[in-house]
Amino acid sequence: MFRALICVGCVWAAAGSPCTQAPLQGTAACDTSKTPAERAQYIVSQLTTSEKMGLFGNMASAVPRLNLPAYEWWSEALHGVASSAGVSFSDPTPYATSFPQVITTAASYNKTLWSAIGTTISTEARAMSNVGHAGFSYWAPNINIIRDPRWGRGHETPGEDPVLTATYAAHFVPGLQEGEDPKHLKVSACCKHFYGYDMEDSDGADRHNFNAIINLQDEADTYLPAFHSCVVNGRASGMMCSYNAVNGTPSCANERIMNGFARGKWGFDGYITSDCGAVADVCNNHHYANQDDTCRDVLQAGMDSDCGGFLASYLNTSISRGVTPMSAVDTALEHLFAMQVRFGAFDPASEQPYLNYSYTTAVNTPAHQHLALEAARQGMVLLKNDGTFPLDATKYPTVAVVGPNANATTTMQASYQGNAPYLISPLMGVSKYAKTLYAEGCDTNCSNQTGFPAATEAAAQADATVLVIGISTEQERESHDRTSIALPGYQEDLVTAVLSAAKGPVMVVVMAGGSVDFTVAKVNPLAKGIMWVGYPGQSGGEAIADVVFGAVNPSGRLPHTQYPKDYTNGLSMLDMNMRPGTSNPGRTYRFYTGTPVYAFGSGLSYTSFSYKNAGPSVS
């Protein structure tokens, strides 16, 4: 009997799945000696045109005649299984481990950690899929480069350096995809957003209509290396074409990059989805082609799945008018069904160990909790220390924890997050070491100073102070770029007021994804320490406190440049050039000609190091 569920594996691995009954039983679709491509080709050959039309959206329709259930391609797992169309956090799967946002994990510069996080996420994903609450295709990682510090989604990425980002992809992706079963994908990773996507809504353009002008040098050494690594070194099975156009061609209609680079030069073996609504953008916002031609152009360029409803609405008409050839339709569907074969959807359950994963034993385990904490600890970046830190808890029994992010919880998850089993705020973390006094001072917008007296009073009474400033998704998020990289509102005044009032030493903690100018703390000798923490996930507050009190020796390094606030003066978000030019002081540490507040790669330790040339002496 046919049943349509979100989790296609839960149906296909069970009795009544396509390969245990006619008409597919005993056919090439179920012949495990054949390649996924051969099996997919047979499945597509059995579909009628009308059946094909329902398979191109992110929610692919069921085909009852062949006992093929519906499947939701869209699941998210940027830094943990996340809320999305294909994921449900309802009973019996109420939560998943919430690791630090990627920008914090990247600050660890630890390839083994990135792989371990990927492995843990896919284990939890498979356990959730086994009860029908998650899929097998996850649209992560985001490996676009932080070209401009105002970009609202920079914190989703590993930062501004192409090598760091490429290395992250090469280790996180196999962690997600590969496991104990060499025959099947554990889950599918997706390299996004391909390519030249790094703005949301700035300077009169937005991501749905922006045409990024990229020269070949920048393309080769900045915008493409991470995608090349994701495919070649990470062996990714999914890619996502982006909303924007590059040099006049919308990414989802760009045959040069999808069939040319990805499938042709790099040997990509998998499926390519559009970002959600990006196919409609080709027609309606980029005005690149009419409805019929858009259907043809995206499929012939190499895109396979439309997150949205454009192909569902217009593809059949385009075919009937002779614009889109059936060969392009079938090629895309063969890519999609080959993925289903690789998931194990047509194979016996007895041959798939991932189907044995249980939510109660594979999600939020003590090992996963420890890994989330360890990831946060390794992402802590100590930028300033006059020797005061770490604090001895016996000498500082009362600590003021103040500032806009002092009691942050969901802020530490940033975006593309799931339901965390718990969230340990900085206040909660410090409370494990000392008696605490708490005052917010202001929120991250800091539009007024009415809360300042409570913050300064707490700092004046306490033996030490942890001042947690920064921003949140209120300021930086998908569909929203910042217009300034200064601390918002009156936050600089809050820093000065707290430093002036504090009785004891002050550690300034900067919780932010993108770059913010905290020169006010750097130059003030009353700020005895500064620590950048990004968005550190479910155990972020504990990790912060562990560094402040010396239980952990900080080892993180900045994954992006911390610019002065005047960096963006006169610099258009639409200028894609990396190298210096008129009104462009150069982008990222590789080309910036000014003096940063803190440079890419900065980070201190509580250990003193000395370096010398270890080579042989020359006589």
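Residues numbered from 1 in each chain as written. Predicted model: local features only at pLDDT ≥ 70, side-chain atom pairs only at ≥ 80, totals over all residues. Heavy atoms only, no water.

Visitor: Please explain the overall build of the protein as it appears in this structure.
Guide: The helix and strand tally for the protein stands at 21 helices and 16 strands. Against the compact-globule benchmark of 25 Å for 619 residues, the protein has a radius of gyration of 26 Å, which places it among compact chains. The principal-axis extents of the C-alpha atoms in the protein amount to approximately 80 × 70 × 55 Å. Burial statistics for the protein: of 619 residues in total, 61% are counted as buried. Here the analysis covers contacts within the protein between residues at least 6 apart in sequence; of these, 78% occur between residues at least 24 apart. Summed over its atoms, the accessible surface of the protein is roughly 21100 Å², and 50% of this surface lies on carbon and sulfur atoms. If the 37 positive side-chain charges of the protein are averaged to one point and the 53 negative ones to another, these points end up 5 Å apart. (Helix = DSSP H or I, 4+ residues; strand = E, 2+ residues; numbered from the N terminus. Rg over C-alpha atoms; globule rule 2.2 N^0.38 Å. Buried < 20%, exposed > 50% of the residue type's maximum accessible area, 1.4 Å probe, protein only. Contact = heavy atoms within 4.5 Å. Areas by Shrake-Rupley, 256 points an atom, 1.4 Å probe, with all protein chains shown as cover. Lys, Arg positive; Asp, Glu negative; His and termini not counted. Charge placed at Lys NZ, Arg CZ, Asp CG, Glu CD.)

Visitor: I would appreciate a short explanation of the packing of aromatic side chains in the present structure.
Guide: Each pair of aromatic rings is reported with the distance of its centres and the angle of its planes. The tally for this structure, following the rule as stated, stands at 24 aromatic pairs. Ring centres of Phe-194 and Trp-266 lie 5.9 Å apart, and the angle between their planes is 50 degrees; on these two criteria the pair is classed as tilted. Of this pair, Phe-194 sits in strand β3 (residues 190–194) while Trp-266 sits in the loop between α9 (255–265) and β10 (271–274), and the two are 72 residues apart along the sequence. Given a relative accessible area of 1%, Phe-194 falls into the buried group. Counting every residue linked through ring pairs, the aromatic cluster contains Tyr-71, Trp-73, Phe-136, Tyr-271 and Phe-343. The ring of Phe-136 carries the charged tip of Arg-126 above its face, separated from the ring centre by 4.5 Å. In this structure, Lys-522 packs its charged tip against the face of Tyr-598, placed 4.6 Å from the ring centre. (Phe/Tyr/Trp six-rings, centres within 6.5 Å; stacked < 30°, edge-to-face > 60°. Lys NZ or Arg CZ within 6 Å of the ring centre and 35° of its normal.)

Visitor: Before we go on, may I ask you to explain the packing of helix α5 (residues 111–129) against helix α6 (residues 162–177) in this structure?
Guide: In a packed pair of helices, the relevant descriptors are the angle between the two axes and the axis-to-axis distance. It is at 7 Å that the axes of α5 and α6 come closest, and there the two elements cross at 35 degrees. Our pair here, α5 against α6, has a crossing hand that is right-handed. Between α5, through Lys-111, Trp-114, Ser-115, Ile-117, Gly-118, Thr-119, Ile-121 and Ser-122, and α6, the contact on the second element is made entirely by Leu-164, Thr-167, Tyr-168, His-171, Phe-172, Gly-175 and Leu-176. Of the residues assigned to the contact of α5 with α6, the class counts are seven nonpolar, seven polar and one charged. (Axes fitted to C-alpha atoms, helices over the stretch in contact; angles between N-to-C directions. Left-handed = near helix turned anticlockwise from the far one by under 90°. Nonpolar A, V, L, I, M, F, W, Y, C, P; charged D, E, K, R; others polar.)

Visitor: What's the story with the pattern of salt bridges in this structure? I'm lost.
Guide: Close approach of charged atoms allows side chains with opposite charge to pair. Enumeration according to the criterion identifies 27 salt bridges in this entry. The shortest N-O distance in the salt bridge between Glu-478 and Arg-153 comes to 3.2 Å. One end of the pair, Glu-478, is in the loop between β14 (464–470) and α18 (491–501); the other, Arg-153, is in the loop between α5 and α6, with 325 residues separating them in the sequence. On the basis of relative accessibility, which here comes to 0%, the residue Arg-153 falls in the buried class. Taking the shortest distance from any N to any O, the salt bridge between Lys-432 and Glu-542 comes out at 3.4 Å. Taken together, the residues span a long stretch of sequence, with Lys-432 in the loop between α16 (426–431) and β13 (435–439) and Glu-542 in helix α20 (residues 540–548) at a distance of 110 residues. A relative accessible area of 53% means that Lys-432 is categorised as exposed. Take Glu-542: its relative accessible area is 17%, and that puts it in the buried class. (Salt bridge = Lys/Arg side-chain N within 4 Å of Asp/Glu carboxyl O.)

Visitor: Please explain the side chain of Arg-39 as it appears in this structure.
Guide: Relative to the helices and strands, Arg-39 is located in helix α2 (residues 36–45). Classification of Arg-39 by relative accessible area gives buried; the value is 3%. When residues no more than four places from it in sequence are discounted, the contact partners of Arg-39 are Ala-28, Ala-29, Cys-30, Asp-31, Thr-32, Lys-34, Val-341, Phe-346 and Asp-347.

Visitor: How do you make sense of the pairing of strand β7 (residues 238–241) when you look at a structure like this?
Guide: Within a regular beta strand, the side chains point alternately toward one face of the sheet and then the other, so they alternate between its two faces. Residue alternation in β7 divides its side chains into two sets, Gly-238 and Met-240 and Met-239 and Cys-241, and both sets are buried. Where β3 and β7 come together, three bridges link them in parallel fashion. Looking at β7, one finds that Cys-191 is bridged to Met-239. For β7 and β10, the ladder comprises four bridges, and the chain directions are parallel. When the sheet's bridge partners are listed, Met-240 is paired in β10 with Thr-273. (Pairing = 2+ DSSP bridges.)

Visitor: I keep staring at the sheet that holds strand β6 (residues 211–212) and nothing clicks. Help me out?
Guide: Each strand in a sheet pairs with its neighbour through backbone hydrogen bonds, running either in the same direction (parallel) or in the opposite one (antiparallel). One open sheet holds the three strands; their spatial order is β6-β8-β9, and the pairing between them is mixed. Looking at the sheet topology across the chains shown, the edges are occupied by β6 and β9 (249–250). Where β6 meets strand β8 (residues 245–246), two bridges bridge the pair, whose relative direction is parallel. Note on β8: the bridge partner recorded for Ala-212 is Val-246.

Visitor: Help me understand the sheet that holds β13 in this model?
Guide: Taking strand neighbours across the sheet as the criterion, the six strands line up as β11-β16-β15-β14-β12-β13 in an open arrangement whose pairing is mixed. The sheet terminates laterally at β11 (381–385) and β13, the two strands that pair on one side only. Between one strand and the next, the sheet's axes are offset by a mean angle of 20 degrees, whatever the strand orientation. Lying over the sheet, α18 contacts β12 (398–402), β14, β15 (506–511) and β16 (527–532), oriented at roughly 175 degrees with respect to β14.

Visitor: Would you explain α9 in this entry?
Guide: Each α-helix turn comprises 3.6 residues. Residues three or four places apart therefore point the same way. By the burial criterion, the buried members of α9 are Ile-257, Met-258, Phe-261, Ala-262 and Arg-263. Across the axial projection of α9, the buried residues extend over an arc of 160 degrees, all falling on one side. Among the structural elements, β3, α7 (216–223), β7, β10, α11 (291–301) and α13 (326–343) are those in contact with the buried residues of α9. With a side-chain oxygen lying 3.1 Å from the backbone nitrogen of Arg-256, the N-terminal cap of α9 falls on Asn-254. Once α9 finishes, Gly-267 follows within two positions and takes phi at roughly 75 degrees, a positive value. (Arc of directions from axis to C-beta. Polar contact = N/O pair within 3.5 Å; in protein donor to acceptor, adjacent residues only side chain to side chain.)

Visitor: Teacher, can you tell me more about the state of the cysteines here?
Guide: Every disulfide links exactly two cysteines, by a covalent bond between their sulfur atoms. Scanning the model with the defined rule gives five disulfides in all. Here Cys-191 is linked by a disulfide to Cys-230, with a sulfur-sulfur distance of 2.2 Å. Measuring handedness by torsion sign, the sulfur bridge of Cys-191 and Cys-230 sits at about -90 degrees and is left-handed. Taken as a pair, Cys-191 in strand β3 and Cys-230 in helix α8 (residues 225–232) lie far apart in primary sequence, 39 residues in all. Neither residue differs from the other here; Cys-191 and Cys-230 are each classed as buried. (Disulfide = S-S within 2.5 Å.)

Visitor: Is there a simple way to think about the pairing of β13 in this case?
Guide: Where β12 lies against β13, five bridges are found, and the strand directions are parallel. Paired with Val-402 across the strands is Ala-439, a residue of β13. In this view, the connection linking β12 to its parallel neighbour β13 by way of α16 has right-handed handedness. (Right-handed = clockwise from strand over helix to strand, strands pointing away.)

Visitor: Explain the environment of Leu-437 here, please?
Guide: Among the secondary structure elements, Leu-437 is positioned in strand β13. Sequence-wise, Leu-437 and Ala-454 are 17 residues apart; in three dimensions their C-alpha atoms are separated by 9.9 Å. Not counting chain neighbours up to four residues away, the residues in contact with Leu-437 comprise Thr-398, Val-399, Ala-400, Val-401, Val-402, Ala-458, Gln-461 and Ala-462.

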